[in-house]
Amino acid sequence: MQAGKDARDPGGQPAGSPAGLAAPAGDPGDAGWAYAPAPESREIVTITPEYGLFLDGEFGPAAGGKTFPTVNPATEEPLARVAEAGPADVDRAVAAARAAYERVWGPMPGAERAKYLFRIARILQERSREFAVLESLDNGKPIKESRDVDVPLAAAHFFYHAGWADKLEHAGLGPSPRPVGVAGQVIPWNFPLLMAAWKLAPALAAGNTCVLKPAETTPLTALLLAEVCQQAGLPPGVVNVLTGAGETGAALVAHPGVDKVAFTGSTEVGKQIQRTVAGTGKRLTLELGGKAANVVFDDAPVEAAVEGIVNGIFFNQGHVCCAGSRLLVQESVADAVTGRLRDRLGTLRLGDPLDKNTDIGAINSRPQLDKIRELSDAGEAEGAERWSPPCRLPDRGYWFPPTVFTGVAQSHRIAREEIFGPVLSVLTFRTPEEAVTKANNTAYGLSAGVWTEKGSRILWLAQRLRAGVVWANTYNRFDPASPFGGYRESGFGREGGRHGLAAYLDA
Ligand code: NDP
């Protein structure tokens, strides 16, 4: 143990690690015990200098020849240049998807489609380390999350939906549900591979073809997934991946050849898309932001609740639409809970996303970091009390320490706006009725958590919380069989389960 400690500089920097990375959030050295660095090797992934669009089964440059860089947010190191799709590429992709829908994928029996989905799922498992490392490099998330959450859940989505492909008439959606046609799908940067799987798997199982637009800052795993589609022998045009920026997404959702639009991202862009799609007859599902309440009662087991609070807001650096970003804690236990929470945060390790010990990785982009900083500064200016564990941030890359605000009022911006970062706002309540009122005092309605030992109270609350998902004595649990989605400014439509299939079928 001592040797491990000696290998660090006073700031907790492991010897030989990339400059400025892998500093612990707290200082485990103080406890006389320190982690040795455990970096996952990058060797498993081959990153090429340039990536093309995946269109009609082939990779190729954008018609206009434009490219943009994608960087590692932990180091600001450029990883590759990626083709930027313009309107001509959107045309080609939609035409390829239409042809594949009419000639191959739409008429194909469900049992045959299922084989491709099973194959994709299995290849995802076989290449899981490659995907996990690439996701952590491009996104900044800790390898233990990409390895243990993102990639296995993406494979699970393909397995689950493969099982539906030949049973659609038994999904309770009518005797002979038909695919909708060509799906235009736009996804964000917080779970790049997983969101691609959430979009593609149900669409393909139901017999639709897809044009997917990944986020500008995280295109690489979607392109590797395109390679997996090739490897699985998926017929050309069934899945097309158009990399690019917001304009590419806007051109895709506006394209007249698209029958169904599925979007995950900010509420602001969701509203723009809704305006674009209005009156066109296109089907639309929107999975947007959130400001979830994680409600802790005085009878909750404190240790478990603290783990749930940490998981709720610090998982994936808080870049989670359903993050438990508002902690509502019963007043009588507020000090005890926040005290334990501070102790726990002192043990979190922030740093190199590829280190297997890392709990908190990098913020995905400079603009996102600026947004988190701005909202956190607003929290302080409006009178909330800000706290972070002792934490040396790496010199390069985009970093923000785990942060807790206490004394938060419902009117504060940090209680109302989605921060999408590792920032928790703590509010208190006295009665269950007050908890419900405060939890529902938000424009959003995506998720919520309840911590109590009373089953009856869980049911009472779940009936009253206006959120698409309510977790009881757990948080951030995802399963492909369980529908996910929101109300109000969190959007509409469900993804996952039987309900998610409905979005891709004409019943
Ligand atoms: P956006 O909503 O801008 O991005 C989501 C996706 O939509 C990306 O692929 C983006 O492309 C694309 N896009 C952007 N503009 C348009 C448009 N006009 N038409 C069609 N597609 C478009 O989210 P941001 O990345 O800008 O994040 C901003 C904030 O949104 C975050 O701080 C967070 O609060 C929230 N957010 C919520 C998410 C959620 O899951 N609920 C996910 C991501 C963000 P490109 O990346 O190239 O701009």
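Residues numbered from 1 in each chain as written. Predicted model: local features only at pLDDT ≥ 70, side-chain atom pairs only at ≥ 80, totals over all residues. Heavy atoms only, no water.

Asker: Kindly report on the layout of surface pockets, identifying the contributing residues and their values.
Answerer: Computed from the structure, the largest pocket encloses a volume of approximately 1,000 Å³. Together, 35 residues line the largest pocket, and Trp189, Phe263, Gly265, Ser266 and Val269 are the ones closest to its centre. Looking at the lining of the largest pocket, the elements that each hand over two or more residues are α8 (246-254), β10 (260-264), α9 (267-277) and α12 (366-381). Of the residues forming the lining of the largest pocket, the biggest block, 6 residues, is contributed by α9. When its residues are assigned to classes, the lining of the largest pocket shows 16 nonpolar, 14 polar and 5 charged. Roughly 440 Å³ of volume is contained in the second largest pocket. In this structure, the second largest pocket is lined by 20 residues; those nearest its centre are Glu145, Val149, Asn311, Phe315 and Asn476. Breaking the lining of the second largest pocket down by element, the ones donating at least two residues are α5 (143-164) and α10 (302-314). Per element, the largest residue contribution to the lining of the second largest pocket is 5 residues, and it comes from α10. Broken down by class, the residue content of the lining of the second largest pocket amounts to 10 nonpolar, 4 polar and 6 charged. (1 Å grid on protein atoms, 1.4 Å probe; cavity = no way out; pocket = protein on both sides within 12 Å on 5 of 7 lines; lining within 4 Å. Points joined across faces, edges and corners; volume = space filled by probe spheres on them. Helix = DSSP H or I, 4+ residues; strand = E, 2+ residues; numbered from the N terminus. Nonpolar A, V, L, I, M, F, W, Y, C, P; charged D, E, K, R; others polar.)

Asker: Hey, could you go over the packing of helix α4 (residues 128-139) against α5 for me, with residue numbers and the actual values?
Answerer: Two numbers describe how α4 lies on α5: the axes approach to 8 Å, and their chain directions differ by 125°. Considered as vectors, α4 and α5 are oriented oblique to each other. Crossing hand, α4 versus α5: right-handed. In this structure, α4 uses Ser128, Phe131, Ala132, Val133, Glu135 and Ser136 to contact α5, whose residues at the interface are Ile143, Ser146, Arg147, Asp150 and Val151. Residues of the contact of α4 with α5, tallied by class, amount to 5 nonpolar, 3 polar and 3 charged. (Axes fitted to C-alpha atoms, helices over the stretch in contact; angles between N-to-C directions. Parallel < 35°, antiparallel > 145°, perpendicular 65-115°, else oblique. Left-handed = near helix turned anticlockwise from the far one by under 90°. Contact = heavy atoms within 4.5 Å.)

Asker: Summarise the site of the ligand; cite the residues concerned and give the values.
Answerer: Taken together, 28 residues lie near the ligand, and Ile187, Trp189, Ser266, Leu288 and Lys371 sit nearest. Among the cavities detected, the one that contains the ligand is the largest pocket. Contributing elements (two or more residues each) for the shell around the ligand: α8, β10, α9 and α12. Of the residues that constitute the shell around the ligand, the class distribution is 14 nonpolar, 10 polar and 4 charged. (Near = heavy atom within 4 Å. Sits in = over half its atoms within 2 Å of the grid points.)

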